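Residue-level structure breakdown
Okay, here's what each chain looks like letter by letter:
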Amino acid sequence: QVQLVESGGGLVQPGGSLRLSCSASGSIYSINAMGWYRQAPGKQRDLVATVSSRGGTNYADSVKGRFTISRDNAKNTVYLQMNSLKPEDTAVYYCNADLYVTLYRRLRDFWGQGTQVTVSS
């Protein structure tokens, strides 16, 4: 069974930092892209950042310069370093992976359960 396990969420003051981790486990052949998305109350789920298998990154404009996505392919883990956090960053953050459980069995939209990030004074 494949699963994504997230950690690192919590309550932080404005201007503070958090580091989210998401590890994929189970029977996995390979992982292509991984990413982080977030959903604030009453809003749609939006892209935060993605990272390719080779390390190429893409960020939402709202987090550029503040957030950094990275991955450790040996550990099947993706990270999101969040600095200079703002109240508007408050959301449930979801880990996503485009992965293969076999050479030809692809799971394009595999999600973690989400972790709450609250930025408040």
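Scroll up for the structure.
All of the points below concern the structure found in this document. Only a predicted model underlies this, so the values are computations on that prediction, with no experimental measurement involved. The residue numbering used here restarts from 1 in each chain and proceeds along that chain's sequence as written. Per-residue local features are limited, in this predicted model, to residues with pLDDT of at least 70; the limit for side-chain atom pairs, both in listing and counting, is 80 or more; totals at the level of whole chains, interfaces and linings are taken over all residues. Each side-chain value is derived from all of the structure's non-hydrogen atoms; neither hydrogens nor water enter the calculation.

Remarks on the state of the cysteines
Rule in force here: When two cysteine sulfur atoms are found within 2.5 Å, that pair is recorded as a disulfide. Elements are defined by DSSP. Helices are runs of H or I of four residues or more, strands are runs of E of two residues or more, and each kind is numbered from the N terminus. We call a residue buried when its accessible area falls under 20% of the maximum for its residue type, exposed when it is over 50%, and partly exposed in between, using a 1.4 Å probe and counting protein chains only.
A complete count under the given rule lists one disulfide for this structure. Here Cys22 pairs with Cys95 through a disulfide, and the sulfurs are 2.1 Å apart. Its S-S torsion of about -85° marks the bond between Cys22 and Cys95 as left-handed, since a negative value means left-handed. One end of the pair, Cys22, is in strand β3 (residues 18-25); the other, Cys95, is in strand β9 (residues 91-100), and 73 residues separate them in sequence. Of the two residues, Cys22 and Cys95, both sit in the buried class.

Observations concerning a nonpolar patch on the surface
Test applied: Patches in this entry comprise residues that are over 30% relatively accessible and not in a salt bridge; like charges within 9 Å are linked, as are nonpolar side chains (Val, Leu, Ile, Met, Phe, Trp, Tyr) within 5 Å. Only the protein chains shown count as cover for residues, and the accessible areas themselves come from Shrake-Rupley with a 1.4 Å probe. Definition used for salt bridges: Asp or Glu carboxyl oxygen within 4 Å of a side-chain nitrogen of Lys or Arg.
On the surface, Tyr29, Leu103 and Tyr104 cluster together to form a nonpolar patch covering roughly 440 Å² of accessible area. Within the secondary structure, Tyr29 is located in the loop between β3 and β4 (30-39).

With respect to the pattern of salt bridges
Evaluated as defined, the whole model comprises four salt bridges. With a closest N to O distance of 2.9 Å, Asp89 and Arg38 form a salt bridge. Taken together, the residues Asp89 in the loop between β8 (77-82) and β9 and Arg38 in strand β4 connect sequence positions 51 residues apart. Across the pair Arg66 and Asp89 runs a salt bridge whose closest N-O atoms are separated by 2.7 Å.

Some details on unusual backbone geometry
Non-glycine residue Asn76 carries a positive phi angle of around 50°. Among the secondary structure elements, Asn76 is positioned in the loop between β7 (67-72) and β8.

What about the nonpolar core?
Filter applied, for reference: Working definition of a nonpolar core: buried Ala, Val, Leu, Ile, Met, Phe, Trp, Tyr and Cys residues. They are joined through side-chain atoms within 4.5 Å. Two residues qualify as a contact provided that any one of their heavy atoms is within 4.5 Å of a heavy atom in the partner residue.
Judged by nonpolar contacts, the single largest core of 30 residues is most densely connected at Trp36, Leu80, Met82 and Tyr93. A per-element tally of this core places β9 first, with five residues. Contacts of Met82, omitting those with residues within four sequence positions, involve Gly16, Ser17, Leu18, Leu20, Arg66, Phe67, Tyr93 and Val117.

A few points about the packing of aromatic side chains
The cut-off we apply is this: Only Phe, Tyr and Trp rings take part, Trp by its six-membered ring, and two of them pair if their centres are within 6.5 Å. Stacked means planes under 30 degrees apart, edge-to-face means over 60, and tilted covers everything else. Should the NZ of a Lys or the CZ of an Arg lie within 6 Å of a ring centre and within 35 degrees of the ring normal, that charge is described as sitting over the ring.
With the rule as written, the count across this model stands at two aromatic pairs. Arranged with centres 5.0 Å apart and planes meeting at 70°, the rings of Tyr37 and Trp111 form a pair that is edge-to-face. Pair noted here: Tyr37 is in strand β4 and Trp111 is in strand β10 (residues 106-111), with a separation of 74 residues, a long-range link. The exposure class assigned to Trp111 is partly exposed, which follows from its relative accessible area of 27%. Aromatic rings pair up to connect Tyr37, Tyr94 and Trp111 into one cluster. The residue whose ring lies beneath Arg19 is Tyr79, and the NZ or CZ to ring-centre distance is 4.2 Å. The aromatic ring of Tyr94 is capped on one face by Arg45, whose charged end is 3.6 Å from the ring centroid.

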